[in-house]
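Breakdown of the fold
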Amino acid sequence: MKKIFFASCAAVALMSMVACSDSAFEDRYADPAKTTTVGVPQVFTAVLQKGNTWMNPVYYRYYTQSTTSGRFSGVIGDANTKGRYQGATEAYFNTRWTNFYDMLTQYRVLEKTYNDLDDSQKEVNKVFYFISRSVLQGQLHEMLSLFGDVPYSQAGSLWSTGDFAAAKPAYDDDVTAYKQILADLKEAGDFLGGSVSSTGLASLGRQDYTLAAGSQAKWQKYVNSLRLRIALHLATAGDCQSEAKAAIAEILNNPSKYPVIESNDDNQGVACDTSNDTFNYGKSISQALNGRFEASCSPAMLAAMNVPADGLPTADTDPRLAAMYDPNPEGAYLSYDLSLTNSQIDQISSEKNKEYVQKGMQANYYAVIDSVAVAGWAQYQGNGHIDGIWMSAAEVALSKAEAYVMGYGVSKDEAKAKAAFVDGVALSNEYYWNLKTNSTIGKAGNDSYQGYRELVVATEADARAYAEKIWDGSQKCVATQLWINHGFMNELEAWNVVRRTGYPVVKFTTDTQMTGYPTPPHRLPYPSDELTYNGDKCQEAIAKNYSESTGYYTPLFWAKKDYYTLLK
């Protein structure tokens, strides 16, 4: 941990808390490095910027999550390659860890700066304090869902104290941390639902580069929706169920006091900006996907979208399919046959590709993430209209549906559950088709770059009819749709859904070539920097939480022990 805090200390000491690097953002925000004082609004922007890599579809995040959460959740297909359950390797886990603590350090700067203000200035800057804490705790939730216990309450203050001994913080118990997150998000939601300083809101409008653009109402909906996400995450099992169910009840029973995101127009995140690589998410994703296995569709995904074994869609197939994936030139959506070896899977694809070349086509045999909507047609040639979405209306609606199906904090109510479920599927359909039809690289009338077929756009009516058809009132039904909606755009939350509920059923084969990583894990191990610089505290956490030496195969307190099925 010493390395993490030392690096952050140096950055803060220089006051190099720069916002966004392109000219539009530089014009909008003063550079704190050129001032003699640090203001809460400027540090708020620095908190957002430090979160960019892991909150938005940046290349590094997309690659790392695809090789871990995407694969382990069953969202991303894999051709039984050697080492497939090892993930992107420990160096990437280490970067995930250090990036979070860079963000936490920026938040601690904001926190101290805010606490040092007089009462009148605190009132003006309170909106920055609550929003930045909520955004940070959204990332803390991700860290807890990846690693379990992590340092939090004592972490991030070396820049202020200069105390290197104290810079080796103890690990917060994940149950305790989650309870604190739920309480803090309630406090933030209550604040944003009340009277907020007009001066503070005006300043927020100047500093806020998210899709909320300084809107108190949009930030209120985001914070409440984040609280609902985390509460649902904890409601199924474990030691936070009572707090989680109470939070769900408060939100769902008081919609006027705790409004949530209900329209794709209110989705929260960061808009893509193609003028600079930092926010050019389409370019990042196309780099991460083209020519890589991370673009492949999984058997679990095709099964969940009701694609027949021959890969040819029917009237019963999910209307999002053509917006989310490219078929092969025969119009078939096919995934890897996990009963085959890697060489057999590759051989099938190679033979088909030879046929396509003979026909003058350069096409895929197995289904891949849609080239127009998301993947792009070549590296660095992606859809310039891909925003970084932190929270969507579809997720919120489907979360409501699961709460009513399961009676999490509210009475079981099939009518409310079904209504929310149908809304969620329709909103998800709208989101994915908007990615496709608004793409900057679309070809008029053509569905994909390599599919060679007419574009037929599914309507809201199509999506609602499909949702009515598949509804059966079960957790499996709802969780599967949550998983599809997260899909390749939010692979960590897709993994959280599977680990929490066991749905949809995802299947894997044992990797007999890697005895240390034979099957998918339950969590990621603590990274090398932490073991080196905060070793004593890290070893204490390992001794407390790991049931085996790596932690890889130790379930987290809220998750199922067996969230996947192994093929014989």
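Residues numbered from 1 in each chain as written. Predicted model: local features only at pLDDT ≥ 70, side-chain atom pairs only at ≥ 80, totals over all residues. Heavy atoms only, no water.

Contact geometry for helix α6 (residues 90–115) and helix α7 (residues 119–147): axes closest at 10 Å, N-to-C directions at 160°. When the axes of α6 and α7 are compared, the pair comes out roughly antiparallel. Relative to α7, the crossing made by α6 is left-handed. (Axes fitted to C-alpha atoms, helices over the stretch in contact; angles between N-to-C directions. Helix = DSSP H or I, 4+ residues; strand = E, 2+ residues; numbered from the N terminus. Parallel < 35°, antiparallel > 145°, perpendicular 65-115°, else oblique. Left-handed = near helix turned anticlockwise from the far one by under 90°.)

Okay, the layout of surface pockets next. Put simply, the largest pocket is a space of about 670 Å³. What lines the largest pocket is a set of 31 residues, among which Gly291, Arg292, Ala295, Asn364 and Val368 lie closest to the centre. Of all the secondary structure elements, the ones that give two or more residues to the lining of the largest pocket are α16 (342–358), β3 (368–369) and α17 (371–375). With 5 residues, α16 is the largest single contributor of residues to the lining of the largest pocket. Residues of the lining of the largest pocket, tallied by class, amount to 15 nonpolar, 12 polar and 4 charged. Roughly 540 Å³ of volume is contained in the second largest pocket. Put simply, the parts of the chain that give the lining of the second largest pocket at least two residues each are α14 (299–304), α20 (460–470), α21 (475–486) and β5 (507–508). Within the lining of the second largest pocket, the residues separate by chemical class into 15 nonpolar, 8 polar and 6 charged. (1 Å grid on protein atoms, 1.4 Å probe; cavity = no way out; pocket = protein on both sides within 12 Å on 5 of 7 lines; lining within 4 Å. Points joined across faces, edges and corners; volume = space filled by probe spheres on them. Nonpolar A, V, L, I, M, F, W, Y, C, P; charged D, E, K, R; others polar.)

As enumerated under the stated definition, the model contains 4 cavities of 30 Å³ or more in all. Lining the largest cavity are 16 residues, and of these Ile389, Ser392, Tyr431, Met489 and Asn490 sit closest to its centre. Of all elements in the fold, only β4 (388–391), α19 (414–437) and α21 reach the threshold of two or more residues within the lining of the largest cavity. Counting residues per element, the lining of the largest cavity draws most heavily on β4, at 4 residues. Each residue belonging to the lining of the largest cavity can be placed in one class, and the counts come to 8 nonpolar, 5 polar and 3 charged. Computed from the structure, the second largest cavity encloses a volume of approximately 130 Å³. Forming the walls of the second largest cavity are 15 residues, and the residues nearest its centre are Met55, Gln139, Glu142, Arg229 and Trp390. Only α4 (52–55), α7, α11 (216–235) and β4 provide two or more residues apiece to the lining of the second largest cavity. Per element, the largest residue contribution to the lining of the second largest cavity is 4 residues, and it comes from α7. Residue classes in the lining of the second largest cavity are distributed as 7 nonpolar, 4 polar and 4 charged.

A few words on the environment of Asp190. Mapped onto the secondary structure, Asp190 falls in helix α9 (residues 174–192). Ignoring anything within four residues of it in the chain, the contact list for Asp190 reads Lys257 and Tyr258. (Contact = heavy atoms within 4.5 Å.)

Looking now at the pattern of salt bridges. Inspection of every chain in the model, using the stated rule, returns 27 salt bridges. The closest approach of N and O atoms between Asp78 and Arg71, which form a salt bridge, is 3.2 Å. There is no split in this pair, since Asp78 and Arg71 are both buried. Asp316 is paired through a salt bridge with Lys469; the nearest N and O atoms lie 3.2 Å apart. Placement of Asp316 in the loop between α14 and α15 (321–324) and of Lys469 in helix α20 is noted, with a sequence separation of 153 residues between them. Overlapping salt bridges, with partners in common, bring together Lys186, Asp190, Arg227 and Glu250 in one network. (Salt bridge = Lys/Arg side-chain N within 4 Å of Asp/Glu carboxyl O. Buried < 20%, exposed > 50% of the residue type's maximum accessible area, 1.4 Å probe, protein only.)

Our focus in this paragraph is the nonpolar core. Counting residues in hydrophobic clusters, the biggest one holds 151 residues, and the most contacted among them are Trp219, Tyr325, Val374, Phe421, Trp483 and Phe488. For this core, the element with the highest residue contribution is α7, accounting for 12 residues. Listed in part, the 10 residues of the second largest apolar core include Leu334, Tyr336, Ile345 and Met361. (Core = buried A, V, L, I, M, F, W, Y, C linked by side-chain atoms within 4.5 Å.)

This brings us to unusual backbone geometry. Residue Pro504 follows Tyr503 across a cis peptide bond; omega there is -10°. Within the element layout of this structure, Pro504 appears in the loop between α22 (491–501) and β5. Look at Ala213: it is not a glycine, yet its phi comes out positive at around 50°. With respect to the secondary-structure elements, Ala213 resides in the loop between α10 (198–207) and α11. In this structure, Asn306 is a non-glycine residue whose phi angle is positive, near 60°. Mapped onto the elements of the fold, Asn306 is located in the loop between α14 and α15.

Helix length check: α11 (20 residues) gives 28 Å between terminal C-alpha atoms against 28 Å at 1.5 Å per residue, within 8%. Burial within α11 is extensive, with 16 of its 20 residues counted as buried. (Expected span 1.5 Å × (residues − 1).)

Structurally, the position occupied by Gln139 is in helix α7. Here Arg96 takes part through its side chain, which lies 3.0 Å from a polar atom of the side chain of Gln139. Setting aside chain neighbours within four positions, we find Gln139 in contact with Trp54, Met55, Arg96, Phe100 and Met103. (Polar contact = N/O pair within 3.5 Å; in protein donor to acceptor, adjacent residues only side chain to side chain.)

What follows is about the packing of aromatic side chains. Across all of its chains, the model carries 35 aromatic pairs by this definition. With a centroid separation of 5.9 Å and 85° between ring planes, the pair formed by Tyr85 and Phe508 is classed as edge-to-face. Of this pair, Tyr85 sits in the loop between α5 (59–72) and α6 while Phe508 sits in strand β5; the two residues are 423 residues apart in sequence, bridging distant segments of the chain. When sorted by exposure, Tyr85 lands in the same class as Phe508, which is buried. Plain terms: the ring middles of Trp97 and Phe147 are 5.0 Å apart, the flat faces sit at 85° to each other, and that makes the pair edge-to-face. Taken as a pair, Trp97 in helix α6 and Phe147 in helix α7 lie far apart in primary sequence, 50 residues in all. Each member of the pair, Trp97 as well as Phe147, is classed as buried. (Phe/Tyr/Trp six-rings, centres within 6.5 Å; stacked < 30°, edge-to-face > 60°.)

For the rest of this paragraph, the subject is the packing of α7 against α10. Helix packing geometry: the angle between the two helix axes and the distance between the axes. Running from N to C, α7 and α10 cross one another at 50°; their axes reach a closest spacing of 6 Å. Of the possible angle classes, the one that applies to α7 and α10 is oblique. Regarding α7 and α10, the two cross each other, and that crossing is right-handed. Contact residues: Val124, Val127, Phe128 and Ile131 in α7; Thr199, Gly200, Leu201, Ser203, Leu204 and Gln207 in α10. Each residue belonging to the contact of α7 with α10 can be placed in one class, and the counts come to 6 nonpolar, 4 polar and no charged.

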